[in-house]
Amino acid sequence: KKYVSGMTQIGIRNVSSTAKDGYLDARSRGSCIFSVRHFRRLGLEKILESIPKNKRYYISIDIDAFDPSIAAGTGTPSHGGFYYYEVLELLDAIIKQGEVIGMDLVEVAPDYDLTFSTSTLAAQLLMNAIGRILYYKNNKNWKNKMSLVSIDDNNCLLIHSNDFSNFSLHPQWLRERLSESDFID
């Protein structure tokens, strides 16, 4: 698409012979692809150098990029994945350097996770990302559109804005939606 100026994929693991063609095709079309091992070896700052600054970003997170020790509830768990703070710090840095226009999180499979820790991880990651997006927008050029993120007495995440786009996310509601693989707008 004309409006896509580049793609960076971080956390790719286990490129099998059946997936090798897709990997090579993505590279030939200009995708920057980093495995979790590359990410850890190069470090966050080096990875960020490959992502153009001051651009609009769409972020897609596949839960199976996380290590199964913290995200067992996925169809394709593979050891050696990311840990929570690695991804949170990556998201924080990306959100700081551009405008996030959309985000999704996919592949949560609660039936494979009796503790529901994968759903909790997904919900926590999304809530923290939303909070950071709003925080950095408020501290950049959104002086006329102040937003506030708070937690109410029922442990709901409340997002308030003077443009009347207030909404609330209750953890149980969020867990149910993630469990049903619904999208959260």
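Notes on the structure in this doc start here. Everything numeric here is computed off the predicted structure, so don't read it as measured data. (Residues numbered from 1 in each chain as written. Predicted model: local features only at pLDDT ≥ 70, side-chain atom pairs only at ≥ 80, totals over all residues. Heavy atoms only, no water.)

## Brief notes about the nonpolar core
Then, in step 1: If you look at the biggest cluster of nonpolar residues, it comprises 34 residues, and the most contacted ones within it are Phe 66, Leu 91 and Leu 125.
Then, in step 2: Mapped onto this core, the elements with two or more residues apiece are α2 (36-42), α3 (44-49), β3 (56-62), α4 (84-97), β4 (99-106) and α5 (117-138).
Then, in step 3: It is α4 that contributes the most residues to this core, eight residues altogether.
Then, in step 4: The contacts of Phe 66, once residues within four sequence positions are left out, are Arg 13, Ile 61, Ala 71, Ser 78, Gly 81, Phe 82, Tyr 83, Tyr 84, Val 87, Leu 121 and Leu 125. (Core = buried A, V, L, I, M, F, W, Y, C linked by side-chain atoms within 4.5 Å. Buried < 20%, exposed > 50% of the residue type's maximum accessible area, 1.4 Å probe, protein only. Helix = DSSP H or I, 4+ residues; strand = E, 2+ residues; numbered from the N terminus. Contact = heavy atoms within 4.5 Å.)

## Some words on the pattern of salt bridges
Then, in step 1: Under the definition given, this model contains five salt bridges.
Then, in step 2: Put simply, Arg 29 and Asp 25 hold a salt bridge, and the shortest N to O gap is 3.2 Å.
Then, in step 3: When its relative accessible area of 69% is taken as the criterion, Arg 29 is described as exposed.
Then, in step 4: For Asp 25, a relative accessible area of 36% gives the class partly exposed.
Then, in step 5: Arg 132 is the partner of Asp 92 in a salt bridge, and the nearest nitrogen-oxygen pair spans 3.0 Å. Of the two residues, Asp 92 sits in helix α4 while Arg 132 sits in helix α5, which places them 40 residues apart along the sequence.
Then, in step 6: In this structure, a network of salt bridges that share partners links the residues Asp 92, Lys 96 and Arg 132. (Salt bridge = Lys/Arg side-chain N within 4 Å of Asp/Glu carboxyl O.)

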